[in-house]
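Listed here are the chains, written in short residue letters.
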Amino acid sequence: MSQQASGRNSQDPELLRRLLRAKDRMDAASHEAWPVQRLAKVSSVSEAHFARSFKEAFGLPPHRYLLTRRIERAKALLRDTDTPVLEIALQTGWNSLGTFGRTFRDVTGESPSELRARERAARHELERVPACYVSAAYRPGLTTAVSEKRRQEAGVTKEPPQKPEVP
């Protein structure tokens with residue numbers, strides 16, 4: 001596929017508007033389930049086209065973007081409230097504390113309780129920093145899928161399929 005063909009979708013203003021509509025819905029209700037089918041319906045495009053175009057436009061697949069938003073929200077709640085960890089897990093879209101804790105640790109490198117304790121110890125240092133900078137600094141960088149990250153840490157790597165060379 002040529003660069004022009006692969007970049008065409010990201011340049012289409014109407015498609016970008018549709019993708020942004022779905023992204024805005026995820027942002028507004030990140031605690032809800034957002035399967036690709038539902039997002040595609042919001043965007044009025046096919047599921048395959050939505051998933052491909054979303055990743056092309058925003059640099060992340062829809063699921064990973066949603067996971068990023070949920071972790072971001074959970075980190076803010078852990079940092080800024082005394083809400084119990086279980087309640088934060090449920091408020092941010094997880095159905096179980098175990099899944100939340102495991103995913104949170106995989107993404108951030110520490111448990112929710114560890115993050116809360118560390119943030120409280122360093123709270124006074126951030127009072128002078130604008131909130132938008134703090135949010136950007138704490139945004140999880142999900143460049144690798146959580147399941148792939150687990151495999152890499154366990155020493156199990158998945159070899160990419162070999163493509164036959166075409167002369």
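Residues numbered from 1 in each chain as written. Predicted model: local features only at pLDDT ≥ 70, side-chain atom pairs only at ≥ 80, totals over all residues. Heavy atoms only, no water.

Novice: Which parts of the structure should I look at to understand the overall build of the protein?
Specialist: Scanning the protein from terminus to terminus reveals 10 helices and zero strands. Its helices and strands taken in sequence order, the protein reads α-α-α-α-α-α-α-α-α-α from the N to the C terminus. Put simply, the protein has 167 residues, and 34% of those count as buried. For the protein, the share of sequence-separated contacts (at least 6 apart) that also reach a separation of at least 24 residues comes to 59%. (Helix = DSSP H or I, 4+ residues; strand = E, 2+ residues; numbered from the N terminus. Buried < 20%, exposed > 50% of the residue type's maximum accessible area, 1.4 Å probe, protein only. Contact = heavy atoms within 4.5 Å.)

Novice: Help me out: how do you make sense of a nonpolar patch on the surface in this one?
Specialist: Where nonpolar side chains cluster on the molecular surface, the patch consists of Leu 86, Leu 90 and Leu 97 and spans about 270 Å² of accessible area. Looking at the secondary structure, you find Leu 86 in helix H6 (residues 85-91). (Patch = residues over 30% accessible without salt bridge, like charges linked within 9 Å, V, L, I, M, F, W, Y side chains within 5 Å. Areas by Shrake-Rupley, 256 points an atom, 1.4 Å probe, with all protein chains shown as cover. Salt bridge = Lys/Arg side-chain N within 4 Å of Asp/Glu carboxyl O.)

Novice: Just checking my understanding: could you explain the packing of helix H2 (residues 13-28) against helix H3 (residues 36-43) for this structure?
Specialist: Each pair of packed helices gets described by two things: the angle between the helix axes and the distance between those axes. At a minimum axis separation of 8 Å, H2 and H3 run at an interaxial angle of 130°. By the criterion of interaxial angle, the relationship of H2 to H3 is oblique. The hand of the H2/H3 crossing is right-handed. In this structure, H2 contributes Arg 18, Leu 19, Arg 21, Ala 22, Arg 25 and Met 26 to the contact, and H3 contributes Leu 39, Val 42 and Ser 43. Grouping the amino acids of the contact of H2 with H3 by side-chain chemistry returns five nonpolar, one polar and three charged. (Axes fitted to C-alpha atoms, helices over the stretch in contact; angles between N-to-C directions. Parallel < 35°, antiparallel > 145°, perpendicular 65-115°, else oblique. Left-handed = near helix turned anticlockwise from the far one by under 90°. Nonpolar A, V, L, I, M, F, W, Y, C, P; charged D, E, K, R; others polar.)

Novice: Would you explain the packing of aromatic side chains in this entry?
Specialist: Between two aromatic rings, the relevant description is the distance of the centres plus the angle of the planes. Evaluation of the coordinates by the stated rule reveals five aromatic pairs. Ring plane angle 50° and centroid distance 5.5 Å describe the contact between Phe 100 and Phe 104, whose orientation is recorded as tilted. Remark: Phe 104 and Phe 100 occur in helix H7 (residues 97-108); sequence separation between them is four residues, near one turn of the helix. The same class applies to Phe 100 as to Phe 104, namely buried. Put simply, the rings of Phe 50, Phe 54, Phe 58 and Tyr 65 touch in pairs and so form one group of aromatic residues. In this structure, Arg 38 is placed above the aromatic ring of Trp 34, and the distance from its NZ or CZ to the ring centre is 3.5 Å. (Phe/Tyr/Trp six-rings, centres within 6.5 Å; stacked < 30°, edge-to-face > 60°. Lys NZ or Arg CZ within 6 Å of the ring centre and 35° of its normal.)

Novice: Help me understand the nonpolar core, please; the structure alone is not making it clear to me.
Specialist: Side chains of nonpolar character tend, in soluble globular proteins, to be buried together. The biggest cluster of nonpolar side chains holds 15 residues, and the ones touching the most others in it are Met 26, Trp 34, Leu 39, Phe 50 and Phe 54. Secondary-structure elements contributing two or more residues to this core are H2, H3, helix H4 (47-58) and helix H5 (62-80). It is H2 that contributes the most residues to this core, four residues altogether. If sequence neighbours within four positions are ignored, Phe 50 has contacts with Leu 19, Ala 22, Val 36, Leu 39, Ala 40, Ser 43, Val 45 and Pro 62. In terms of nonpolar packing, the next biggest core, distinct from the first, is built from 13 residues, Trp 94, Phe 100, Val 107 and Leu 115 among them. (Core = buried A, V, L, I, M, F, W, Y, C linked by side-chain atoms within 4.5 Å.)

Novice: Explain the confidence of the model for the protein here, please?
Specialist: Parts of the model with low pLDDT should not have their predicted coordinates read in detail. On average, the protein scores 83 in pLDDT, and the residues at 70 or more come to 79%. Per-element confidence in the protein ranges from a low mean pLDDT of 47 for helix H1 (residues 3-11) to a high of 96 for H6. The model gives residues 1-10 a pLDDT under 50, and that stretch makes nine contacts with residues more than four places away or in other chains. (pLDDT = per-residue confidence, 0-100.)

Novice: Where do I start with the pattern of salt bridges in this structure?
Specialist: Two side chains carrying opposite charge are able to pair once their charged atoms lie near each other. One pass over the structure, following the stated rule, counts 10 salt bridges. With a shortest N-O distance of 3.1 Å, Glu 14 and Arg 18 are connected by a salt bridge. Residue Glu 14 and its partner Arg 18 are both found in helix H2; the two are separated by four residues, about one turn of the helix. The exposure class of Arg 18 is partly exposed, given its relative accessible area of 24%. The shortest N-O distance in the salt bridge between Arg 79 and Asp 80 comes to 3.4 Å. On the basis of relative accessibility, which here comes to 13%, the residue Arg 79 falls in the buried class. Three or more residues are tied together by salt bridges with common partners; here these are Glu 14, Arg 17 and Arg 18.

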